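Coordinate inspection notes
Here is what each chain is made of, one letter per residue.
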Amino acid sequence: MMGNAFIHFDNVSKAFGVMTVVDNLELAIQQGEFVSMLGPSGSGKTTLLMMLAGFEAPSSGSISVKGKRVDALPPYKRNMGVVFQNYALFPHMTVAENVAFPLKMRGVSRSETAERVGKALDMVQLGQFHERRPSQLSGGQQQRVALARALVFEPEVVLMDEPLGALDKKLREQMQMDIRDIHHRLGLTIVFVTHDQAEALTMSDRIAIFNHGKIEQIGKPSEIYDRPTTQFVAEFIGETNLLSGRVTACRNGLLDVAVEGGQQIKVASTAKFEPGEHVKVSVRPERIELAPAGGSANELSVRVSDVVYRGDHLQVIAAAASGPLVVKSTRKASAPRIGDEAVASFSPEQCWIVA
Amino acid sequence: MKALPLSKAVFGSAVVVFLMAPLFAILPLAFTDSVFLNYPIPSFSLRWFDELFTADAWRRSIINSLIIGAGTTVLATVLGTVASLGLRGRSVSLLFGFFRTVFLLPMVVPAVVLGVGMQLMFAQYGLANTYLGVIVAHTVIAIPFVVVNVTAALQGIDHRLENAAASLGAPPIVVLRRVTLPLAMPGIISGAVFAFATSLDEVVLTLFVAGPNQRTVARQMFSTIRENISPAIAAAAFLFIAGTVVIAALVYLVRRRNQIA
Ligand SMILES: Nc1ncnc2c1ncn2[C@@H]1O[C@H](COP(=O)(O)OP(=O)(O)OP(=O)(O)O)[C@@H](O)[C@H]1O
Ligand SMILES: [Mg+2]
């Protein structure tokens, strides 16, 4: 069914002993796509990458690249650039020798090697560090050498395991832009593991959210952020408010939900629900309007219980009958004060049902 | 832990004195002018070093020691390194545990037992009284030192480095040559030094398997001390110790350089 995918994980599982680390995973990646894997520690992201690179064999299922199964292909024949989580730079070689290594393996001439190594190191702003040893570099610099080494031979597929984790914010954002740029320029297919949701949101064509070896949800950043399908995803990406309640009516793509505490809200939903069914409603803090009086379809009366200064916005904790709500309040609005009575409102389109 | 600094110092010094005293007892005698190996030293000279390098028996034995030592070093280092690579990361398997034990066995088996066995066997295969025979015998007891050192060095290598090399296009043999072996080199060098030192001072096996033509310095010292206790022994001992110190210093420097790099 996904025969035309560039990379295809077909029902792949991986177990170490009795522990299943990757669980019946289906994943199709198109050529030139930038796919990020996001998920808690230990959810199997690195393991998935290592299977694609050929260092771990799937316990069951198969992996294909360009329609060909690669299960029997040793790592050195897969032609994938890999940036390892711990950089894995060769300590006995200089920075330049590290970056030249893949070119040497491919029999690139000496002069061309020198030129390409120079370019690659300039790209990661390490032009003056050719003769250093990895141990003489900072963590962020090592990470950039690893990046240069994985890109210098222009592989079709690049796997990156948290390649920017050790960089400070400014350099990190710079490198994010550089990687995006390289991705577009060379048409690379990139599988990118990260812990940083902002990074995943800015860089990816699609994001896969991992949990316990399964993909909970995969989709465009906007889909993942604006329409998380499960509670796990809603809470993992960004902040969210969860209201549990019971469906009281379901018609014309609009649900009536009685949330805990007795208030009624309306939720836009294409899915069908039976009256009486238990549901969870997710609404992002920045979608909620706090005002002295209401204005939207959904109104919850609240009392401000805390206000936290966050620089560009105020985080307001508002106690509703259904429980505390987190509200992101822009600085333009008049600042709420602790103890204020207010109405928290949001439209039916700005909240959704999660599993 | 920090209690008793005085007793610690006293005990430490006592151990050092105990270990070093024999050396300090013999070394000055290397420079004696007298024909007797005893104190007091009437006057100093280098005549016994001269003897060492000119007297035929001594000269021959030094050359033999170097030939056999070099042969042993090469053979033991190659075999021991290959064995360590083969045993690497398989500590869990019973079979490999068995092999590991076999490689280390010569460390604990009495040399006399090995010597008798080898003498019988070498006679069968025409190795008795040959250089090759002595080299093989020395290799057997030198291999454990190589295995121990190289295994430790291999354990210190992050497997992901080898994975990285493979992902960059290096087939296994290239990974071995360009990543694994260079990173294990300090251990391989220590192993080689130990192998050479083992060969140099091995007497028992040499007595069993070497003919008169393969007399090594250690063997020569052994017979000299029984026949005529000449200060040439002290001179030979001096060379041994000086050589050991130089090699140890070299190993130390190599290791340090590798650590800094
Ligand atoms: N070689 C191995 N043997 C046994 N267990 C392993 C092995 N490699 C990984 N695991 C286990 O598999 C699970 C998933 O590991 P993995 O490294 O894929 O997680 P991850 O999602 O990359 O986490 P992180 O974000 O912390 O890097 C972990 O529980 C880990 O302990
Ligand atoms: Mg990981």
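Scoring rules and cut-offs
Residues numbered from 1 in each chain as written. Chains lettered and ligands numbered in written order. Predicted model: local features only at pLDDT ≥ 70, side-chain atom pairs only at ≥ 80, totals over all residues. Heavy atoms only, no water. Helix = DSSP H or I, 4+ residues; strand = E, 2+ residues; numbered from the N terminus. Buried < 20%, exposed > 50% of the residue type's maximum accessible area, 1.4 Å probe, protein only. Contact = heavy atoms within 4.5 Å. Donors = N, O, S within 2.8 Å, 3.2 Å for Na, K, Ca; no water. UniProt positions renumbered as here; feature names shortened; annotations may be inferred. Near = heavy atom within 4 Å. Polar contact = N/O pair within 3.5 Å; in protein donor to acceptor, adjacent residues only side chain to side chain. Areas by Shrake-Rupley, 256 points an atom, 1.4 Å probe, with all protein chains shown as cover. Nonpolar A, V, L, I, M, F, W, Y, C, P; charged D, E, K, R; others polar. Core = buried A, V, L, I, M, F, W, Y, C linked by side-chain atoms within 4.5 Å. Pairing = 2+ DSSP bridges. Domains from an automatic or database assignment. Buried area = accessible area lost by both parts, 1.4 Å probe. pLDDT = per-residue confidence, 0-100. Axes fitted to C-alpha atoms, helices over the stretch in contact; angles between N-to-C directions. Parallel < 35°, antiparallel > 145°, perpendicular 65-115°, else oblique. Left-handed = near helix turned anticlockwise from the far one by under 90°.

1. Observations concerning the overall build of chain B
- Per the secondary structure count, chain B includes 11 helices and 0 strands.
- In sequence order, the secondary structure elements of chain B are arranged as α-α-α-α-α-α-α-α-α-α-α.
- Looking at chain B residue by residue over its 261 residues, the buried ones come to 38%.
- Of the contacts formed within chain B by residues at least 6 apart in sequence, a portion of 68% connects residues at least 24 apart.

2. Some remarks on the coordination of the magnesium ion (ligand 2)
- At this site the magnesium ion (ligand 2) is bound by Thr46 of chain A (OG1) and Gln85 of chain A (OE1), with donor distances of 1.8 to 2.5 Å. Here Thr46 of chain A is found in helix α1 (residues 45-53), whereas its partner Gln85 of chain A is found in the loop between β6 (80-83) and α2 (95-105), with 39 residues between them in sequence.

3. What about the UniProt feature "domain: ABC transporter" (unreviewed entry) in chain A?
- In the UniProt entry, the feature "domain: ABC transporter" (unreviewed entry) is given for residues 7-237 of chain A.
- Helix makes up 36% of residues 7-237 of chain A and strand 26%, whereas the separation of the span's terminal C-alpha atoms amounts to 25 Å.

4. As for the site of ligand 1
All names here are of chain A.
- Taken together, 14 residues sit near ligand 1, with Ser41, Gly42, Lys45, Thr46 and Thr47 positioned nearest.
- Contacts to ligand 1 include Ser41, whose side-chain N or O atom sits 2.4 Å from an oxygen atom.
- Here Gly42 contributes a backbone N or O atom positioned 2.8 Å from an oxygen atom of ligand 1.
- When the free accessible area of ligand 1 is taken as 640 Å², the share hidden by the protein chains comes to 63%.
- For the shell around ligand 1, the elements supplying multiple residues, two or more each, are β2 (19-29) and α1.
- Sort the elements by how many residues they give to the shell around ligand 1 and α1 lands first, with 3 residues.
- Taken together, the residues of the shell around ligand 1 break down into 4 nonpolar, 8 polar and 2 charged.

5. With respect to the nonpolar core
Residue and element names in this part refer to chain A.
- Core analysis: the biggest nonpolar cluster contains 94 residues, and Ile7, Phe9, Leu48, Leu52, Phe90, Leu159 and Ile179 have the highest contact counts within it.
- Among residues more than four places away in sequence, those in contact with Ile7 are Leu27, Ala28, Ile29, Leu52, Ser64, Val65, Val157, Thr189 and Val191.
- The next biggest cluster of nonpolar side chains, apart from the first, holds 25 residues, and it includes Leu255, Val257, Val279 and Leu325.

6. Some points on the pairing of strand β12 (residues 254-259) of chain A
Residue and element names in this part refer to chain A.
- In terms of strand pairing, strand β11 (residues 241-251) meets β12 through 6 bridges, oriented antiparallel. Each bridged residue has a counterpart across the sheet, and for Arg246 the counterpart in β12 is Ala258.
- Once β11 ends, the chain turns through 2 residues before running back antiparallel as β12, passing Asn252 with a positive phi of about 50 degrees.
- As paired strands, β12 and strand β13 (residues 264-268) are joined by 5 bridges and run antiparallel to one another.

7. Brief notes about the domain arrangement of chain A
Residue and element names in this part refer to chain A.
- When the domains of chain A are assigned, the result is domain 1 (7-235) and domain 2 (244-354).
- Of note, the centres of domain 1 and domain 2, computed from C-alpha atoms alone, are 39 Å apart.
- Counting residues at the interface gives 9 residues for domain 1, matched by 9 residues for domain 2.
- Buried area between domain 1 and domain 2, both sides added, is near 760 Å², and the carbon and sulfur share of it is 39%.
- A per-residue breakdown of the area domain 1 buries against domain 2 is headed by Tyr225, Arg227 and Gln231, which together make up 57% of the total.

8. Some points on the confidence of the model for chain B
- In the predicted model, chain B carries a mean pLDDT of 87, and the fraction of residues at 70 or more is 96%.
- With pTM at 0.79, the complex prediction returns an ipTM value of 0.79.

9. Comments concerning the packing of α2 of chain A against helix α4 (residues 139-151) of chain A
All names here are of chain A.
- At a minimum axis distance of 7 Å, the contact between α2 and α4 shows a crossing angle of 25 degrees. One element, α2, and the other, α4, form an angle in the roughly parallel class. The chirality of how α2 crosses α4 is right-handed. Taking contact as the criterion, the partners of Val95, Asn98, Val99 and Pro102 in α2 are, on α4, Val145, Ala148 and Arg149.

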